[in-house]
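# Results of the structural survey
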Amino acid sequence: MLKVAKKMDVRIILLLLVNFAVISFGRKSYEGWQVYRTAPLTKLALEGLHKHVFSDPKFQVWSQPILNKPAEIVVCPKSRAKLLNILKKLNLSPKPFILNIEKFLEKERKEIENIKKQEIYGLINYVTFERYMDFTEITDYLNEVAANYPSIASLETIGSSFEGRPQNLLKLSSGSGSKKKIGVFINAAIHAAEWIGPAVALNAIHQLTANLANNQAFLDMANWYILPVANPDGYVYSWDHDRLWRKTRRPNKGSKCVGADPNRSFDVHWSEGRETNPCVAFYQGPNVFSEVESKNIADYLIPNGLDGNLHLYMVLHTYGQFSLK
């Protein structure tokens, strides 16, 4: 028995090492990349940032630029001097906010791996909210919920991503008078790097199923439609290759840069502030609904508006892992 256990331990360790080697080899490193925080933005500075920073793929803006609020901008080592020069000319007094992004990403990876090791050895259940879950784990969890709570939970696939992954949506409804209830639609990870979004969506599902005894009023009030991963291709890519990946994975004709921002692909003010550079994180694509992931959401919602009772459409965006005080 002891020999069998030792063999299993060796196999598990080897499997972990192989997976780590495969993923690490193709992962983008952010060693030396930094985040700079500016002084609060004046109207003139905001205009300058739009002209010189926001449309330059060498820079990435983390927080939505707002008048009288600071901006936070990601930059690689080679472009740091250029960014600082621009910000100083705009009198924005840039200060380093994060000195090395890779250190934070490495810490996150280690935390996830440590919890996974505990799960393998049976110390934590398979489904956990102690760490982020990858696309396969999320898919398995949704299937598990639908199987365990068939009277209130049903799983639908509203469409497939560009690379063929399912956009799985869980509907939660008590059934009684369901067509008269308001509809609440929630999606997360439409921006792939925002991993906290799916965690929040999955916890909402957990609260309305496993913890329903304390939340029955919410299910009595509304039908819930929850899409934990709206951008499956981008989400998988952010796990395997580029932790800060934001967009979809559809190739752009005539460009080496891949993907577009699916949140900007909808037929809502699409042409306003249009970004034409496919290499920019906020690129909305060549035309309305160029991103099939966005088109699938619209096609699911628009024909019947969730039985005509759609009252709330909520997109979970996440700036960072912070507690509000």
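Per an unreviewed UniProt entry, the protein chain is named Peptidase M14 domain-containing protein, and its organism is Cloeon dipterum. Under Cofactor (unreviewed entry), UniProt gives the following word-for-word description of the protein chain: "Zn(2+)".

Let's shift gears to the environment of Trp-245. One can find Trp-245 in the loop between α8 (232-240) and α9 (292-301). The spacing of Trp-245 and Ala-281 is 36 residues in sequence and 8.5 Å in space, taken between C-alpha atoms. Residues within four places of Trp-245 in sequence aside, it is in contact with Ala-192, Ala-193, Gly-234, Tyr-237, Ser-238 and Val-258. Side-chain polar atoms of Trp-245 contact the backbone oxygen of Lys-247, separated by 2.8 Å. Within the local environment of Trp-245, its side chain forms a polar contact with the backbone oxygen of Thr-248, the two atoms lying 3.3 Å apart.

It is worth spelling out the sheet that holds strand β8 (residues 222-227) at this point. Read across the sheet, five strands follow the order β5-β6-β8-β7-β9 without closing on themselves; strand pairing throughout is mixed. A strand with exactly one partner marks an edge of an open sheet, and here the two such strands are β5 (153-160) and β9 (310-316). Adjacent strand axes in the sheet meet at a mean angle of 20 degrees when their direction is disregarded. Relative to β9, strand β7 (residues 182-188) runs parallel, the two being bridged by six bridges. Pairing of Ala-188 across the sheet is with Leu-316, part of β9.

Mapped onto the fold, Asn-252 is located in the loop between α8 and α9. Note on Asn-252: relative accessible area 6%, which makes it buried. Between the C-alpha atoms of Asn-252 and Gly-285, which are 33 residues apart in sequence, the distance is 8.2 Å. Within polar-contact distance, the side chain of Asn-252 engages the side chain of Arg-250 at 3.0 Å.

Considering the arrangement of structural elements, one finds Ser-161 in the loop between β5 and β6 (166-172). Ser-161 gets classed as buried once you look at its relative accessible area, which sits at 6%. Taking C-alpha positions, Ser-161 is 9.5 Å from Gly-234, a pair spaced 73 residues apart along the chain.

Conventions used here
For every chain, the first residue of its written sequence is number 1, and the numbers climb from 1 along that sequence. Given that this is a predicted model, residues contribute local features only at a pLDDT of at least 70 and side-chain atom pairs are listed and counted only at 80 or more, while totals for whole chains, interfaces and linings are drawn from all residues. For the side-chain quantities, the full set of heavy atoms in the structure was used; hydrogens and water were omitted. UniProt positions are given in the numbering used here, feature names are shortened, and annotations may be inferred rather than shown by experiment. For the purposes of this entry, the term helix denotes a DSSP run of H or I that reaches at least four residues, the term strand denotes a run of E that reaches at least two, and both are numbered from the N terminus. Whether two residues touch is decided by their heavy atoms; if any such pair falls within 4.5 Å, the residues are in contact. The definition of a polar contact used here is a pair of N or O atoms within 3.5 Å, where within protein one atom must be able to donate a hydrogen and the other to accept one, and adjacent residues in sequence count solely through side-chain atom pairs. In short, DSSP must find at least two bridges between two strands for them to pair. In this analysis, axes come from line fits to C-alpha atoms, helices being fitted only over the stretch in contact, and the angle between any two N-to-C directions falls in the range 0 to 180 degrees. Buried, partly exposed and exposed residues are distinguished by accessible area as a fraction of the type maximum, computed with a 1.4 Å probe on protein chains only: under 20%, between the cut-offs, and over 50%, respectively.

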